Amino acid sequence: MRIVCWFLLLIGVGSGAGSGVGCAATPESRTTRLQAADVLGAADDVREQLAQSDFLAQRGATSPEMVLLPTIATNRSDDRLTDGERWMVTAGVARAPAVLGLMREKNIAVQAPPTAAGFLEQYGIDPGAHDRANLPTHLFTAEVASIARAAATGLSSDARALDERRDTYFVRYEIVEATGRRVLWNGSAELARRATGLLID
Amino acid sequence: MTEATETMHPNARPRAARAGLLGLGLAAMVVATGCQNTPPPGNTGGRVDPYRSTRADVLSPEANTVTLLEFADQVSEAIVARIAQVPEIYSSPNPVAIELGALVNNTQTPSSDFAIVRRRVFGNLINSSIASGYADFYEAPEIVDPQYERLAPRDQIAYRRDSAGDLTNRYDPNSIFILNGDFGEMIRGRQSTYLFEMSLTNLQSRRIVFNEQVVSKQTR
C-alpha cells in the first residue's frame, strides 16, 4: 500500500512539474520582432531558390563575365534593424560559401562593398582607379518589409484589455542590371510572428 | 540475485526504492511529453503560418493580411494566364517592359501594405517563365539611380548622367506597361467591403490591357 502511495505521489509531482514548471517556461510569445533564426531561415530558402533558378541555369563558365555587387538590405519593416543586421540579411545569400562557389562556376564575380575597399590604399592602390576598372555590372539587392496588425482580443485576469499583434515579414532579394535596371532574378521568403499581451508593454 | 536480496530484506525496502525510481522515471517522461509544445531551438516561438488568419488580422481596422496575400497570388496567376492573350504584348516584336506604376489607396490600410502586395505580384511575375517569355521586368529608377550614384566613381557618374539628370537607362514608353494598384474600402458599421484592383497600363497610350478585381468583406 505504502509503495503504491509513493508511486502515485511521484507521478503526481512529475505531471505537476510537467504542466506547471517545464511548460510554464514557454509562455506565448511577447514579441513579434524579427529573430536571427528568421533571417537565417529566409536566407536558406532563398539560396535554394537561387541555386534552382533559370537565371543560373542559363549561364555557364563561358558566359560573359558579370560583376555582382551586394548592397546592404533596405529595411521597410516596422522592426528596427542595425546596419550589421541588414548586412546579415544580404550576406546570408550573396556571400554564402555555397553561393560564391556556384557564382564562380557561372563566371559571376561577387565584389566586396566599397566600404571594405579602404584596404586598397594600404597597399598603394588608388581605389578610384580600381573602381573604374572593376565597375559592377549588376547589383544584388535585398529588402525586408512587413505588414503589422494589432487588436484588442480579450481581457486579462485583472480585467485589462489583452492585445494581439501579428507581424508578417517579407524578405526579398533581386539581381538587377546596374545601368539597365532589368531584374534578372528575384527570390523571396515570408514568415509571420504573433504575440499576445499588452501593446503598451 | 534478486531472490537472494529479497530473502535478505524481507521488509521489502529495496522494492520501495525500485518503485520510487520507476516513479521518478515515469515523472521524467511526463515532464518530457508534457512539454512537447516547447518550440524547437532557434527562436521559433511565436511563428505562425503567414496564410493563417489570427484574431489581430480579423479585428484590426486594416485589411486582413491573408486577404492581401491571396489577392497578390490571384493577380499574379491571372496575369500569367492572360498575358499571352493581350495583343499589345504578344504582337510586340521584342519583349515588352513591365515596371512598377502607381498606387491609389482609399482605405484605412497603410499604403506600404499595398506596396508589398504590388511587389509580391512583380516578384511572382519575374519568377514565371511564361510571363518572362513576353516581358522584361525593370526595377524602379528611384531604387537603382541612388545605388549607382552611391557606388560608381565620381567621373563615371558625370559621364553617365544625361540632360535629364538620369543615371540609368530609360526605355520607349510605347513598350512600357506599368503595374498599377487601386484599393478602395466601403465601411458600414462593423463591416468593411474592400475592392482591390490591379492593372497593366501602357505608359504612352494609358490603355489598360489587363485588369483583375477582388471584392472582400471583413466584419470586426
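Up top you'll find the structure we're talking about.
Described in the following lines is the structure provided in the data block. (Residues numbered from 1 in each chain as written. Chains lettered and ligands numbered in written order. Predicted model: local features only at pLDDT ≥ 70, side-chain atom pairs only at ≥ 80, totals over all residues.)

For the rest of this paragraph, the subject is the overall build of chain A. Each helix and strand counted, chain A has seven helices and six strands in total. When the helices and strands of chain A are read in sequence order from the N terminus, they spell out α-α-α-β-β-α-α-β-α-α-β-β-β. Here chain A, with 201 residues, has 34% of them falling under the buried criterion. Contacts in chain A between residues at least 24 apart in sequence constitute 71% of all its contacts with a sequence separation of at least 6. (Helix = DSSP H or I, 4+ residues; strand = E, 2+ residues; numbered from the N terminus. Buried ≥ 20, exposed ≤ 12 C-beta atoms within 10 Å, placed from the backbone. Contact = placed C-beta atoms within 7 Å.)

Within chain B one finds nine helices and six strands. Looking at chain B alone, contacts between residues at least 24 apart form 62% of all its contacts between residues at least 6 apart.

Here we take up the environment of Met 103 of chain A. Residues and elements named next belong to chain A. Along the polypeptide, Met 103 turns up in helix α5 (residues 97-105). In this structure Met 103 comes out as buried when scored by C-beta crowding, with 20 C-beta atoms within 10 Å. Sequence separation between Met 103 and Gln 35 is 68 residues; the distance between their C-alpha atoms is 28 Å.

This part covers the sheet that holds strand β5 (residues 191-202) of chain B. Residues and elements named next belong to chain B. Pairing is mixed across the open sheet formed by five strands, whose spatial order is β3-β2-β4-β5-β6. A single partner strand is all that each edge strand has here, and the edge strands are β3 (135-138) and β6 (208-219). Going from strand to strand, the sheet's axes swing by 25° on average, the running direction of each strand aside. The pairing of β5 with β6 spans eleven bridges and is classified as antiparallel. Opposite Tyr 194, over in β6, you have Ser 216 as the bridge partner. Seen against the sheet, helix α4 (residues 65-82) touches β5 and β6 and runs at an angle of roughly 155° to β6. Relative to strand β2 (residues 96-106), helix α6 (residues 111-127) is tilted by about 160°, and along the sheet it contacts β2, β3, β4 (176-188) and β5. (Pairing = 2+ DSSP bridges. Axes fitted to C-alpha atoms, helices over the stretch in contact; angles between N-to-C directions.)

Looking now at unusual backbone geometry. A positive phi angle, close to 60°, is found at Asn 107 of chain A, a residue other than glycine. Along the chain, Asn 107 of chain A turns up in the loop between α5 and β3 (108-110). At Arg 206 of chain B, a position not held by glycine, the phi torsion is positive, near 60°. Secondary-structure assignment places Arg 206 of chain B in the loop between β5 and β6. With 8 C-beta atoms counted inside 10 Å, the residue Arg 206 of chain B sits in the exposed group.

This part is about helix α8 (residues 141-151) of chain B. The periodicity of an α-helix, 3.6 residues per turn, causes residues three or four positions apart to be oriented the same way. Residues and elements named next belong to chain B. Every buried residue belonging to α8 is among Val 144, Gln 147 and Tyr 148, and all of these are buried. Seen end-on, α8 carries its buried residues on one side only, within an arc spanning 100°. Along α8, exposed side chains directed more than 90 degrees from the buried face belong to Glu 142, Pro 146 and Arg 150. (Arc of directions from axis to C-beta.)

What follows covers the packing of helix α2 (residues 36-51) of chain A against helix α4 (residues 83-94) of chain A. Residue and element names in this part refer to chain A. One can describe the packing of α2 onto α4 by two numbers: an axis separation of 8 Å at closest approach and a directional angle of 35°. For the element pair α2 and α4, the recorded crossing hand is right-handed. Across the interface between the two elements, Val 39, Leu 40, Ala 43, Val 46, Arg 47 and Leu 50 of α2 pack against Met 88, Val 89, Gly 92 and Val 93 of α4. By residue class, the composition of the contact of α2 with α4 is eight nonpolar, one polar and one charged. (Left-handed = near helix turned anticlockwise from the far one by under 90°. Nonpolar A, V, L, I, M, F, W, Y, C, P; charged D, E, K, R; others polar.)

Further remarks concern the packing of α4 of chain B against α6 of chain B. Residue and element names in this part refer to chain B. Orientation of α4 relative to α6, taken along the N-to-C sense of each, is 35°, at an axis distance of 9 Å. Where α4 crosses over α6, the handedness of that crossing is right-handed. On α6, the residues touching Leu 68, Phe 71, Ala 72, Val 75, Ser 76 and Ile 79 of α4 are Asp 113, Val 117, Arg 120, Val 121, Asn 124 and Leu 125. Split by residue class, the contact of α4 with α6 holds eight nonpolar, two polar and two charged.

None of this, on its own, says anything about what the molecule does.
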